[in-house]
Amino acid sequence: MGRGGSLAGLNIMALAGAGLILGVVALAIAAPSLAPTHPDRLSLEESLEPPGPGHPFGTDYYGRDVASRVLFGTRVSLAIGLSAQLIALVIGVVLGALAGYFGGWVDTVISRAIDIFLAFPDLLLAIGIASALGPGLPSILLALSLVGWPGLCRLVRGEVMAIRERDFIQAARAIGAGHAWMLARHVLPNVAAPVLIASSLGMGSRILQEASLSFLGLGVQPPLASWGSMVHYGLRWLSRAPWLVIFPGLAIAVAVLGFHLLGDGLRDMLDPRLRD
Amino acid sequence: MLVCEDLVKTYRTRRSVGPARPAVDGVSLGVAPGETFALVGESGCGKTTVARMAVGLLRPASGRILLEGRDLARMRGRELMTLRRQVQIVFQDPAGALDPRQTVGGAVAEPLLLHRLGGPSWRRRETERLFRQVGLGPREMGRFPHQLSGGQKQRVLIARALSLRPRYIILDEPVSALDVSVRAQILNLLAAIQAELGLGYLLISHDLAVVRNVASRAAVMHRGRLVEEGPVEEVWSRPAHPYTRALLKAIPVPDPALRPEPPSSPPPEPEADPVGARADSCLYESLCPRSARLCRRRRPRPERADHWVACHYPLILRRRDDPGPPR
Amino acid sequence: MVEDVLRVIDLRAEFRSARGPVKAVDGVSFSLQPGRTLALVGESGSGKSATALAIPRLLPDPPGRVTGGQVLLRGRDLLELDPDEMPRVRGREIAMVFQEPASALNPVMTVGDQVAESVRTHRRPGGPVRAAVIEALARAGVPAPEKRLRQYPHELSGGLKQRVLIAIALACGPSVLIADEPTTALDVTVQARILDLLAYLGRRLGLALLLITHDLGVVARTAERVAVMYAGRVVETAPVGRFFRSPLHPYSRGLLEAARMTRDDTGSFRVIDGAVPDLADLPSGCRFHPRCAVARLRAACAGPPPPAREAGPGHTVECWYPGEAAVGRAWAGCARAPAGPRPAAAEVNSRSAGL
């Protein structure tokens, strides 16, 4: 029983979040067939047309169809968000599990690294890394992963430390299990739920951060367009053609909302302290 | 035999300055196959530490653990793994000792998988056999721990301990987390398994009624040291150490006819005495009604016998020429 | 006949759960008299702790809720009282002692301050607080009470912590004390002293004591009356002597056999089959019948639930076949001397050997 009630045992928030995400993913996959035109097709005579029958979301300065660009931008935003989150996940889980399980100097080293990373505001850190490396896809991925791992790592470390003290770990040692066996079979499965929750919330943050970096011009470079870079370029015509900002902005909001709803809903569903 | 010889274990504590008093201080005991040996004591006396050392979960600071005459501490790698299979443990809290994300069938099969015994189909049959042996059906194999009752979970843990076909099982308070009505089921099961397989049990317990009813020999532990050991009937009917007697007197007996006279003044709580107590004194001295000067000066050493006691002025095992404590 | 201080009549309480309401307390009745102890005995899930919490209206809501019945304290129904009046009733008239002394004390407050808090809240006008605190501690048998005032809970042993809690509970002179498994977390030697203390205080102060426990040994040592709870109902109530001599409900008998570790002809311990039922999914009829050896060949037990019947002075039982033996097996709860030493013998022993 969590907030928001439930439907057939599933949390309504989680269902709504999953629905939004599935919708966004479906749009990304079906982009080529749904898009009215090719996203990069220039048509200067149609410059800055407001939303209408031919161009549901209007067109930009070069006459490119905004709807098509938002659809294809979904692919870019999702792909970057997902990859960055996956990299952060791997780093966070591996280091967090090592720190929490072995403790001692391993923990000290990893914990200090986490402290250093968490001392900087997320976005500032991302901007710093991205501008140091120069714009481009690899640098944005690196920046977002480096921002994402410390939070996950600290979570995993804490969970693993708590699990390490549980009797079933002693019981596994008593049957002769070694460290690798223990981590793979007993420790990590028991941190899966909180990691899943944090990852869903993290996906929302990564998408937002990617948008922010791109908005600042540090992210995706043309001709590739993500939602953030579209807002960045649309800003110039904000007063004349607000649709250039509104639609990619809405897309960002919907995707982030979806991941946050899913994360919160999963927390209510999976957290054993809230269950029963 | 599974023999613990002069085990010592000291935990480092943050607060204490200088050498801490050992949690386990020179404990020796032996469990024979087919026998139940009970280690009795109150919380914090070190009995669980002994149990964990006996299965190799903790390494003793000194002393030896001998399995059929071979020292476990000197073994490494495969040899140790093989030998370790012969001593298994059942924990007190069955809910905590099972991984909540693992099916109970998986928990019982896990030791087989870990030790690479048999193939998948053999392991499955073996798991089914173990489930039957502890009175569970194959239906339960796919369940998760929270879907089972406390008694069923303890049965699962017993099956898991049996899966490696050990010769000794350490039972660390195996029924104290269970409901009264379920305890007897588990004790009967343990007795049946012992009779069938000839296992040696080291029963760690604070429940003197259980110990009296299932063990053949018992040792009483107090503050890290054994104070008395002997056949259960002997120790229970003629406790020789003042601490043993106090312990036995304190058991609430389910018979109102044996209720002690209600006190006419508030029964005082004895002062917890300074735990820095010197290693060369009796550690029960400050609580003991029979305490005398000698008790503060010299650690009582037992003379090994079938029923022995570590006390300068024991209650009944006193030799005839001993004048007893000075008044 | 002593007047009842507290009468609980047909008390009902339930918890909301994912699988629907769980009737933790389902029509429980008993009464408490001054200077007497009633032991409420049951296993996990019997509803004994929910009963204890429902009386002073401390049942956490949500998920818990009292759904019916009366709790009459000197004739006044506590369940009808304005919630604002409850804090005055709790402490001044009904006090509680819980199982975990370690978590019931505030770790960052001195013992003296914690007792003083209770003394002050319910103080009779006038009188120095410090003296009252020291007196309360001394009454609970805390040695050197002046020294304890400035100590913190972690500096005390488990037994001392429980004594401090008893001092806090009794500081303002309640007439009812509810003790929920007060000695379960303690060692046997400490337990014996705390039980003796409760028995002493109960008689000395004329307290009506409700002792919640799962341990029949504790009951035999402390209580005058027993009420056995099973799956939310009191299945048997009796004076202690009668109960231990001739319990009538098959569940009571099973519990007593378990506590005395009675063996059958084959040398195995007598068992109660099965496990405590799930309160969200109770069996029909008598709640104990699926586990009951007496019910095995009898259809009535699965039919309408048995009503409470008078079985002797102060002795009631909810069973269709009270006192009947299971088919093919005599009740043997009393046939064998109980486990453990006879204190009398140990006493003699100590005198002859010790002096």
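Conventions adopted
- Residues numbered from 1 in each chain as written.
- Chains lettered and ligands numbered in written order.
- Predicted model: local features only at pLDDT ≥ 70, side-chain atom pairs only at ≥ 80, totals over all residues.
- Heavy atoms only, no water.
- Helix = DSSP H or I, 4+ residues; strand = E, 2+ residues; numbered from the N terminus.
- Buried < 20%, exposed > 50% of the residue type's maximum accessible area, 1.4 Å probe, protein only.
- Contact = heavy atoms within 4.5 Å.
- Buried area = accessible area lost by both parts, 1.4 Å probe.
- Salt bridge = Lys/Arg side-chain N within 4 Å of Asp/Glu carboxyl O.
- Polar contact = N/O pair within 3.5 Å; in protein donor to acceptor, adjacent residues only side chain to side chain.
- Pairing = 2+ DSSP bridges.
- Patch = residues over 30% accessible without salt bridge, like charges linked within 9 Å, V, L, I, M, F, W, Y side chains within 5 Å.
- Areas by Shrake-Rupley, 256 points an atom, 1.4 Å probe, with all protein chains shown as cover.
- Core = buried A, V, L, I, M, F, W, Y, C linked by side-chain atoms within 4.5 Å.
- Phe/Tyr/Trp six-rings, centres within 6.5 Å; stacked < 30°, edge-to-face > 60°.
- Axes fitted to C-alpha atoms, helices over the stretch in contact; angles between N-to-C directions.
- Parallel < 35°, antiparallel > 145°, perpendicular 65-115°, else oblique.
- Left-handed = near helix turned anticlockwise from the far one by under 90°.
- Nonpolar A, V, L, I, M, F, W, Y, C, P; charged D, E, K, R; others polar.

A. Just the overall build of chain A, in detail. Tallying secondary structure elements over chain A gives nine helices and two strands in all. Helices and strands in chain A line up, N terminus first, as β-β-α-α-α-α-α-α-α-α-α. Judged by the C-alpha coordinates and their principal axes, chain A covers about 75 × 50 × 30 Å. The 276 residues of chain A split such that 47% are buried.

B. Expanded view of the interface of chain A and chain B. The interface is formed by 17 residues belonging to chain A together with 23 residues belonging to chain B. Surface buried jointly by chain A and chain B totals about 1,900 Å² across both partners, of which 54% is contributed by carbon and sulfur atoms. On the chain A side of the contact with chain B, A:Asp167, A:Ala174 and A:Ile175 bury the most area, a combined 32% of that side's loss. Viewed at the interface, chain B and chain A are joined by one salt bridge. Ionic pairing is found between A:Asp167 and B:Arg52, a salt bridge with its closest N-O pair at 3.9 Å. At the surface where chain A touches chain B, the tally comes to seven residue pairs in polar contact (both at pLDDT 80 or more). At the level of secondary structure, the elements contributing two or more residues to the side of chain A that touches chain B comprise helix H6 (167-174) and helix H7 (179-215) of chain A.

C. Region of the structure containing the sheet that holds strand E5 (residues 76-77) of chain C. All names here are of chain C. Read from one edge to the other, the open sheet built from four strands follows the order E2-E1-E4-E5, with strand pairing classed as antiparallel. Whereas interior strands pair on both sides, the edge strands pair on one side only; in this sheet they are strand E2 (22-32) and E5. Pairing analysis gives two bridges linking strand E4 (residues 64-73) to E5, with the strands arranged antiparallel. When the bridges of E5 are listed, Leu 72 appears paired with Asp 77.

D. Focus on the arrangement of the chains. Contacts are most numerous between chains B and C, considering all two pairs of chains that are in contact. Taking C-alpha atoms only, the smallest gap left between chain A and chain C, which are not in contact, amounts to 6 Å.

E. Geometry of the pairing of strand E2 (residues 24-31) of chain B. Residue and element names in this part refer to chain B. Burial of E2 is extensive: six of the eight residues sit out of reach of the surface. Summarising the sheet, strand E1 (residues 2-9) and E2 pair through six bridges and their orientation is antiparallel. The partner of Val 8 across the bridge, within E2, is Asp 25.

F. Focus on helix H4 (residues 104-114) of chain B. Taken across its eleven residues, H4(B) has nine buried, putting it largely inside the fold. Taken together, the buried positions of H4(B) are B:Val104, B:Gly105, B:Ala107, B:Val108, B:Ala109, B:Glu110, B:Pro111, B:Leu112 and B:Leu114. Each element contacted by the buried residues of H4(B) is listed here: H7 of chain A together with helix H5 (120-133) and helix H6 (150-162) of chain B. Note on H4(B): the residue one or two positions beyond its end, B:Arg116, has a positive phi of about 50 degrees.

G. Representation of the interface of chain C and chain B within the structure. Each partner contributes to the interface: chain C provides 67 residues, whereas chain B provides 49 residues. Buried surface at the junction of chain C and chain B, summed over both partners, amounts to about 4,900 Å²; 58% is from carbon and sulfur atoms. Connecting chain C to chain B are zero salt bridges. At the boundary of chain C with chain B, the tally comes to 14 residue pairs in polar contact (both at pLDDT 80 or more). If you list the elements that add at least two residues to the side of chain C that touches chain B, you get helix H5 (129-139), helix H6 (145-148), helix H7 (158-170), helix H8 (188-205), helix H9 (216-222), helix H10 (240-245), helix H11 (250-260) and helix H12 (343-354) of chain C. Among the elements that line the side of chain C that touches chain B, the one with the most residues is H8(C), at ten residues.

H. Geometry of a nonpolar patch on the surface. A cluster of nonpolar side chains, contributed by A:Leu42, A:Leu44, A:Tyr61 and A:Tyr62, occupies part of the molecular surface with about 430 Å² of accessible area. For A:Tyr62, the position within the fold is in the loop between helix H1 (12-34) and helix H2 (66-102).

I. Region of interest: the nonpolar core. In this structure, B:Leu39, B:Ile158, B:Ile170 and B:Trp236 are the most contacted members of the largest nonpolar core, which totals 96 residues. Sort the elements by how many residues they give to this core and helix H7 (residues 180-197) of chain B lands first, with seven residues. Discounting residues that sit within four places of it in the chain, B:Ile170 has contacts with B:Leu2, B:Ala51, B:Ala54, B:Val55, B:Val87, B:Gln88, B:Ile89, B:Val90, B:Leu202 and B:Ile204. Core analysis: the second largest hydrophobic core is formed by 63 residues, C:Leu81, C:Leu216, C:Tyr230 and C:Ala258 among them.

J. Spatial organisation of the packing of aromatic side chains. One pass over the full model with this rule turns up eight aromatic pairs over all chains. Their ring planes at 70 degrees and their centres at 5.3 Å tell us that B:Tyr243 and B:Tyr284 sit as a pair that is edge-to-face. Taken as a pair, B:Tyr243 in helix H10 (residues 242-250) and B:Tyr284 in the loop between H10 and helix H11 (293-297) lie far apart in primary sequence, 41 residues in all. Using a relative accessible area of 3% as the deciding quantity, one classes B:Tyr243 as buried. By the ring-pair criterion, three or more aromatic residues cluster together here, those being C:Tyr230, C:Tyr251 and C:Phe288.

K. Fine view of the packing of H7(A) against helix H9 (residues 243-270) of chain A. Residues and elements named next belong to chain A. Taken N-terminus to C-terminus, the directions of H7 and H9 make an angle of 165 degrees; their axes are 8 Å apart at the nearest point. Relative to H9, H7 is oriented roughly antiparallel. Once H7 is placed against H9, the crossing between them reads as left-handed. Note on element contacts: H9 touches H7 through Ile 252, Ala 255, Val 256, Phe 259, His 260, Leu 262, Gly 263, Asp 264, Leu 266, Arg 267 and Leu 270, opposite Ala 193, Leu 196, Ile 197, Ser 200, Leu 201, Met 203, Gly 204, Ser 205, Ile 207, Leu 208 and Ala 211. A breakdown of the residues in the contact of H7 with H9 according to their chemical character gives 15 nonpolar, five polar and two charged.

L. Geometry of the packing of H6(B) against H7(B). All names here are of chain B. Following both chains from N to C, one finds H6 and H7 inclined at 20 degrees, their axes separated by 10 Å at the closest point. In this view, H6 runs roughly parallel relative to H7, as classed from their interaxial angle. Where H6 crosses over H7, the handedness of that crossing is right-handed. In this structure, H6 contributes Gly 151, Gln 154, Arg 155, Ile 158 and Leu 162 to the contact, and H7 contributes Val 182, Gln 185, Ile 186, Leu 189, Leu 190, Ile 193 and Leu 197. Looking at side-chain class alone, the contact of H6 with H7 contains eight nonpolar, three polar and one charged residues.

M. Geometry of unusual backbone geometry. The phi torsion at B:Glu68 lies on the positive side, around 50 degrees, for a residue other than glycine. Tracing the sequence through the fold places B:Glu68 in the loop between strand E4 (62-67) and strand E5 (70-71). Look at B:Glu68 and you get partly exposed, because its relative accessible area is 34%. Even without glycine at this site, C:Asp10 takes up a positive phi of about 50 degrees. Examined against the element boundaries, C:Asp10 turns out to sit in strand E1 (residues 6-15).

N. Structural context of the environment of A:Asp60. All names here are of chain A. Looking at the secondary structure, you find Asp 60 in the loop between H1 and H2. Looking at Asp 60, the relative accessible area reads 9%, which means it is buried. Along the primary structure Asp 60 and Val 76 are separated by 16 residues, whereas in three dimensions their C-alpha atoms are 19 Å apart. Once residues within four sequence positions are removed from consideration, Asp 60 is found in contact with Glu 46, Ser 47, Leu 48, Val 66, Arg 69 and Leu 244.

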